[in-house]
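The lines below spell out each chain.
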Amino acid sequence: ALGAVWWLRPGESAITVGRKGTSFVVEGDHSVSRRHATISTSEIADGQVAPTVMVKDEGSKFGLFLNGRRSDKNEIAELRIDDLVTFGGQASTFQLRYVKFALFPVNMKVANSEDRDEFFESALELGIQIATNVLDCTHVVMPSLVVKSTVVTALVYGLPIVALDWIDQIRALPQTFKVADPTSDAVKTFVASLMCLPTPQIPSVPADSPIDLSAVGWEPDARRRQLFEGKLFVFVCSTQFDRYIDLVEGAGGIAISVKEFERPAGIGDSGSGNTDGRLVDAAAKNIIGTSGANAKTKDDCGRQVCIVTPVAAGSDKKETDRLVVLAKALARKLNTCPVSESEIGLAVLFVSCEEHVNPQITEQIGEPAVAEKKLTTAAAPAPAAAQPADGGPRKRRRGINSFWSSLVSSPADSNKGGDQATKQPASAAPVAPALLATTQSNVEQIIPD
């Protein structure tokens, strides 16, 4: 039985264990009876993340041992995480474990209702969690490729992107596996890494995609974790900041919101007046620092400053216009060019900051214009064309951002929620599938949570 892995699924009432002709067979151990024991798993109750697992000695000759204690014949015992169960007298020992396995659904509205319902029902049946936050999942699943901030965040954190029908391949898996290397560490790695799962299949590319999504590397790429190292992203929109902070920090960058400079700017004081201008002054001063940095395009720690322009949020166009003006004023104050939200996503997709998220490149031609208002700030310098630190000419960005408002910048998109609105059945609670495995030192039971 060395290296054996058994998957316990929820709602199974009679999983037989024995030497021959049973659901789970313990090989090479003659102290195990033909029908030695029965394992049962409960359905997932509300609030549970895993099934309850029970084991019963079916009158075996050499007994069943729970953490070294021999069970009485026909005794039913509940197993808990890390419990050791030994079948017979030759150390065929299993350990109960829970391993995280959670799917984060995206863009489920494009799937037909039958496929959508089948997906959620299969997840519940197999004991797979449905995550409500992309950072709480192990895989992101979608019917066809779509670019949203949650998907870009998943790429940064190396989460696999899989097609909707991948769950059908999981359903077709056997419940028993054999690890070639039966050592304890090898079996633990096999289980913890979910190596029993089929190879993830990338979702199809929609025919109407405005960019060539087939050219994107959708597999995990370690380079994305260092993509934004040395960059400081400044958000003037707090909602946008909340949506992108995990992405930016996951890629090695730093994200701040100008909201944290409101107190230094004295905003909220009586008779404040011209609060946006004062906010720009306070933000610029704090970003550059008081160390006398020569290059305003970098902060006092040498990080490249990227002022992120906001996108329309809801119907409050007036507020969006104000924030756009604020972002551009801060960029001028720092002698740099703002970067758009779309560039953050494009840089991650193509694993490059050469043309995207590069404030040394002037704004692209054709971006939506906002009527600018001058922000009168204390000792505000005359607006000057932003120049690279070396004084050389700037390149211009390619006009590829127009598609982003529909694909990436949806104000409703965030790292939380998934496609719960589409909806999984009311009975579908977060659940956890189960596995059993043997190692050279003992036999382990493992349950993905």
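Rules used in this analysis
Residues numbered from 1 in each chain as written. Predicted model: local features only at pLDDT ≥ 70, side-chain atom pairs only at ≥ 80, totals over all residues. Heavy atoms only, no water. Helix = DSSP H or I, 4+ residues; strand = E, 2+ residues; numbered from the N terminus. Buried < 20%, exposed > 50% of the residue type's maximum accessible area, 1.4 Å probe, protein only. Contact = heavy atoms within 4.5 Å. Areas by Shrake-Rupley, 256 points an atom, 1.4 Å probe, with all protein chains shown as cover. pLDDT = per-residue confidence, 0-100. Core = buried A, V, L, I, M, F, W, Y, C linked by side-chain atoms within 4.5 Å. Polar contact = N/O pair within 3.5 Å; in protein donor to acceptor, adjacent residues only side chain to side chain. Pairing = 2+ DSSP bridges. Salt bridge = Lys/Arg side-chain N within 4 Å of Asp/Glu carboxyl O. Patch = residues over 30% accessible without salt bridge, like charges linked within 9 Å, V, L, I, M, F, W, Y side chains within 5 Å. Lys, Arg positive; Asp, Glu negative; His and termini not counted. Charge placed at Lys NZ, Arg CZ, Asp CG, Glu CD. Axes fitted to C-alpha atoms, helices over the stretch in contact; angles between N-to-C directions. Parallel < 35°, antiparallel > 145°, perpendicular 65-115°, else oblique. Left-handed = near helix turned anticlockwise from the far one by under 90°. Phe/Tyr/Trp six-rings, centres within 6.5 Å; stacked < 30°, edge-to-face > 60°. Lys NZ or Arg CZ within 6 Å of the ring centre and 35° of its normal.

Along its length, the protein chain carries 9 helices and 22 strands. Within the span of the protein chain, comprising 449 residues, buried residues form 53% of the whole. The contacts in the protein chain between residues at least 6 apart in sequence include a share of 68% that link residues at least 24 apart. Working note: accessible area of the protein chain is about 20100 Å², and carbon and sulfur atoms make up 50% of it.

Before going further, it helps to examine the confidence of the model for the protein chain. Put simply, the protein chain has an average pLDDT of 78, and 73% of its residues get 70 or more. A low-confidence stretch, residues 376-394 stays under pLDDT 50, and its non-local contacts, those more than four residues away or across chains, total 37 contacts. Scored below 50 in pLDDT, residues 439-449 makes 76 contacts in the model with residues more than four places away or belonging to other chains.

Another aspect to go through is the nonpolar core. Counting 43 residues, the largest nonpolar core has Val140, Ile161, Trp218, Phe228, Phe233, Phe235 and Ile344 as the members making the most contacts within it. Among the secondary structure elements, those contributing two or more residues to this core are β12 (102-105), β14 (139-142), α2 (149-156), β17 (231-235), α5 (238-250), β19 (304-309) and α8 (341-350). For Trp218, the residues in contact, after removing those within four places along its chain, are Leu145, Val147, Val151, Leu155, Ile161, Ile202, Leu213 and Leu349.

Here we come to the side chain of Gln240. By the secondary structure assignment, Gln240 is in helix α5. Side-chain polar atoms of Gln240 contact the side chain of Glu341, separated by 2.8 Å.

Let us now look at the pairing of β19. Burial runs high along β19: 6 of the 6 residues are buried. Side chains of β19 alternate between two faces, with Gln304, Cys306 and Val308 and Val305, Ile307 and Thr309 buried alike. When β17 meets β19, the two strands line up parallel, connected through 5 bridges. In the sheet register, Leu232 faces β19, and the bridge partner there is Val305. In this structure, β19 lies alongside strand β20 (residues 339-340), joined through 2 bridges in parallel fashion. Residue Thr309 lies in a different strand from β20, and its bridge partner there is Ser340.

A separate point is the pattern of salt bridges. Counted by the stated rule, this structure contains 8 salt bridges. Notably, a salt bridge pairs Glu75 with Arg69, separated by 3.2 Å at the nearest N-O pair. Across the pair Arg80 and Glu78 runs a salt bridge whose closest N-O atoms are separated by 3.8 Å. With a relative accessible area of 54%, Arg80 lands in the exposed category. Judged by its relative accessible area of 35%, Glu78 is partly exposed.

Together, Glu114, Asp115, Asp117, Glu118, Glu121, Asp165 and Asp168 make up a negatively charged patch on the protein surface. Considering every element that reaches the negative patch, the biggest residue donor is helix α1 (residues 113-126), with 5 residues.

For the rest of this paragraph, the subject is the sheet that holds β17. The strand order across the open sheet built from 4 strands is β18-β17-β19-β20, with neighbouring strands paired in parallel fashion. The open sheet has two edge strands, β18 (254-257) and β20, and neither has a second partner. Here β17 pairs with β18 via 4 bridges, running parallel. By the bridge assignment for β18, Phe233 is matched with Ala255.

To continue, consider the sheet that holds strand β4 (residues 37-41). Taken together, 5 strands build an open sheet; the order of strands is β3-β2-β4-β5-β8 and the sheet is mixed. Sheet topology places β3 (24-25) and β8 (76-79) at the edges, where each strand pairs with a single neighbour. For β4 and strand β5 (residues 53-57), the ladder comprises 5 bridges, and the chain directions are antiparallel. Bridged to Ser40 within β5 is Met54.

One way to put it is that α2 packs onto α5 with a least axis distance of 9 Å and a crossing angle of 20°. Classed by the angle they form, the pair α2 and α5 counts as roughly parallel. Judged by the twist between their axes, the crossing of α2 over α5 is left-handed. Residues Ser149, Val152, Thr153 and Val156 of α2 form the contact with α5, whose own contacting residues are Arg243, Tyr244, Leu247 and Gly250.

In this description, an aromatic ring pair is defined by two values, namely the gap between the centres and the angle between the planes. For the structure shown, the criterion picks out 10 aromatic pairs. Each residue in the set Trp6, Phe24, Phe87 and Phe94 is aromatic and connected to the rest through ring pairs, giving one cluster. One cation-aromatic arrangement involves Arg9 over Trp7; the distance from NZ or CZ to the ring centre is 4.4 Å.

One turn of the α-helix equals 3.6 residues, which is why residues spaced by three or four share an orientation. Across the 10 residues of α8, 9 count as buried, placing the element largely inside the fold. Every buried residue belonging to α8 is among Glu341, Ser342, Glu343, Ile344, Gly345, Leu346, Ala347, Val348 and Leu349, and all of these are buried.

Before going further, it helps to spend a moment on the pairing of strand β9 (residues 84-87). A regular strand places its side chains on the two faces of the sheet in alternate fashion. In this sheet, β9 lies alongside strand β6 (residues 64-66) in antiparallel orientation, the contact comprising 3 bridges. Paired with Leu66 across the two strands is Val85, which belongs to β9. With 4 bridges joining them, β9 and strand β10 (residues 92-95) adopt antiparallel strand pairing. What sits directly across from Thr86, in β10, is Thr93. Here β9 folds back onto β10, and the loop between the two strands holds 4 residues, one of which, Gly88, carries a positive phi near 80°.

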